[in-house]
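Tertiary structure, described
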Amino acid sequence: MARLLLLSDNIMFLQIKKLSKEYRKGDTRIIALDQINLNVEQGEFIALTGPSGSGKTTLLNIIGGLDSQDAGQILIEGQAQIKGSDAESAFWRARNIGFVFQFSNLLPYLSAAQNVELPLLLTSMSSKKRRERVGAALELVGLADRASHYPNELSGGQEQRVAIARAFVSSPKLMLCDEPTGDLDRKSAKSILNLLNTLKTEFKKTIIMVTHDMIAAEATDRRIELYKGRLTQASVCSEVFLSSGKEY
């Protein structure tokens, strides 16, 4: 099977330093993130948990460059995020970040292969190389035979697999997943978690996953909890996962 390029090994992959973000709603000041500090190693699979409104998605969006912080710093492999024009930011995200959301967000008028190819259109990659990368990504997620199918011809689980292939196809440094199993039945959710763990173990991808599902969280290496914009708990999930005898 064709393989995508792997990242080189690094010790401290992601550093978040004193990250803060607040919003204003009329005269009310809402603190979304309050002095967040977090280190993530390359190849680590982290679950970000906490009640609604605790700042999970805000943190994910800032890490991915979809939102900006009021204070603090984010370093990926020792380099700060690109803060330039919309085009420059989009190019940086396409090269460095892969996004997976609760809903697949596939474009309905494009085939599975065309949806997966989208991030590569922001690169200088040749059309031949793009086809090779798309084919490898779809093969990895088990949908090589569905390349020409449109989203309405796929199941929910298959759509999410295409979305993961799209997030992975450009070989990003970091994958950010916001409730990727939240709209799936347990069998499909298990399949998606297995796939994410394959990306972690075989391709050394660093993955941060927002989830309300504690079963999904147990399938990761570490669970980090946010409450009212602050980190309140961190636990090693793999030990629980392994000792429980659960399979995903």
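Residues numbered from 1 in each chain as written. Predicted model: local features only at pLDDT ≥ 70, side-chain atom pairs only at ≥ 80, totals over all residues. Heavy atoms only, no water.

1. Some details on the pattern of salt bridges
Per the counting criterion, the structure on display carries 12 salt bridges. Residue K21 pairs with D67 through a salt bridge whose shortest N-O separation is 3.5 Å. Taken together, the residues K21 in strand β1 (residues 12–25) and D67 in the loop between α1 (56–63) and β4 (71–76) connect sequence positions 46 residues apart. Assessed through its relative accessible area of 22%, D67 is described here as partly exposed. Put simply, K129 and E132 hold a salt bridge, and the shortest N to O gap is 4.0 Å. Note that K129 and E132 are positioned in helix α4 (residues 127–140) at a spacing of 3 residues, about one turn of the helix. (Salt bridge = Lys/Arg side-chain N within 4 Å of Asp/Glu carboxyl O. Helix = DSSP H or I, 4+ residues; strand = E, 2+ residues; numbered from the N terminus. Buried < 20%, exposed > 50% of the residue type's maximum accessible area, 1.4 Å probe, protein only.)

2. Focus: the sheet that holds strand β2 (residues 28–41)
Spatially, the 4 strands line up as an open sheet ordered β2-β1-β4-β5, and their pairing is antiparallel. For this open sheet the edge positions go to β2 and β5 (79–80), each flanked by a neighbour on one side alone. Where β4 meets β5, 2 bridges bridge the pair, whose relative direction is antiparallel. When the bridges of β5 are listed, I76 appears paired with Q79. Relative to the sheet, α1 contacts β1, β2 and β4, its axis offset from that of β1 by approximately 120°. (Pairing = 2+ DSSP bridges. Contact = heavy atoms within 4.5 Å. Axes fitted to C-alpha atoms, helices over the stretch in contact; angles between N-to-C directions.)

3. Brief notes about the environment of V100
With respect to the helices and strands, V100 occurs in strand β6 (residues 97–100). The spacing of V100 and A167 is 67 residues in sequence and 6.4 Å in space, taken between C-alpha atoms. Setting aside chain neighbours within four positions, we find V100 in contact with Q160, A163, I164, A167, M175, L176, C177, D178 and P180.

4. Remarks on the nonpolar core
Membership of the largest hydrophobic core comes to 34 residues, with the highest contact counts inside it found for V116, I164, M175, L196 and L199. For this core, the secondary structure elements donating two or more residues are α3 (112–117), α4, α5 (156–168), β7 (174–178), α6 (186–203) and β8 (206–210). Residue contributions to this core peak at 7 residues, all from α6. With near-sequence residues (within four places) excluded, V116 lies in contact with V134, A137, L138, V162, A165, R166 and V169. I36, V40, I76 and I224 belong to the second-largest nonpolar core, a separate cluster that totals 25 residues. (Core = buried A, V, L, I, M, F, W, Y, C linked by side-chain atoms within 4.5 Å.)

5. Observations regarding the confidence of the model for the chain
Summarising the model, the chain shows a mean pLDDT of 84, and 87% of its residues fall at 70 or more. Taking the mean pLDDT of every element in the chain, the minimum, 41, falls on helix α8 (residues 237–244) and the maximum, 96, on α3. Long-range and interchain partners of residues 238–248, a stretch whose pLDDT sits below 50, account for 15 contacts in this model, where long-range means more than four residues apart. (pLDDT = per-residue confidence, 0-100.)

6. Some thoughts on the environment of N37
Positionally, N37 belongs in strand β2. Under the relative-accessibility criterion, N37 is labelled partly exposed at 44%. Taking C-alpha positions, N37 is 9.2 Å from R230, a pair spaced 193 residues apart along the chain. Reaching out from N37, the side chain makes a polar contact with the backbone nitrogen of K18 at a distance of 2.8 Å. (Polar contact = N/O pair within 3.5 Å; in protein donor to acceptor, adjacent residues only side chain to side chain.)

7. A look at the pairing of β6
Burial along β6 is two-sided: the residues I97 and F99 and G98 and V100 are all buried. Examined bridge by bridge, β6 and β7 share 4 bridges and lie parallel to one another. The residue of β7 that forms the bridge with F99 is L176.

8. With respect to the packing of α5 against α6
Across the interface, α5 lies against α6 with an axial gap of 10 Å and an inter-helix angle of 20°. With respect to α6, the element α5 is oriented roughly parallel. Along this stretch, α5 crosses α6, giving a crossing that reads as right-handed. In contact with G157, Q160, R161, I164 and F168 of α5, α6 contributes S188, S191, I192, L195, L196, L199 and F203. Looking at the contact of α5 with α6 residue by residue, the class counts come to 7 nonpolar, 4 polar and 1 charged. (Parallel < 35°, antiparallel > 145°, perpendicular 65-115°, else oblique. Left-handed = near helix turned anticlockwise from the far one by under 90°. Nonpolar A, V, L, I, M, F, W, Y, C, P; charged D, E, K, R; others polar.)

9. Points about the packing of aromatic side chains
Within a pair of aromatic rings, the relevant descriptors are the distance that separates the centres and the angle that separates the planes. Under the definition given, this model contains 2 aromatic pairs. Taken together, a centroid distance of 5.9 Å and an interplanar angle of 0° make the contact between F99 and F101 stacked. Take F99: its relative accessible area is 17%, and that puts it in the buried class. For F101, a relative accessible area of 29% translates into the label partly exposed. Ring plane angle 75° and centroid distance 5.0 Å describe the contact between F168 and F203, whose orientation is recorded as edge-to-face. Here the residue F168 occupies a position in helix α5, and F203 occupies one in helix α6, the gap between them amounting to 35 residues. Each member of the pair F168 and F203 is classed as buried. (Phe/Tyr/Trp six-rings, centres within 6.5 Å; stacked < 30°, edge-to-face > 60°.)

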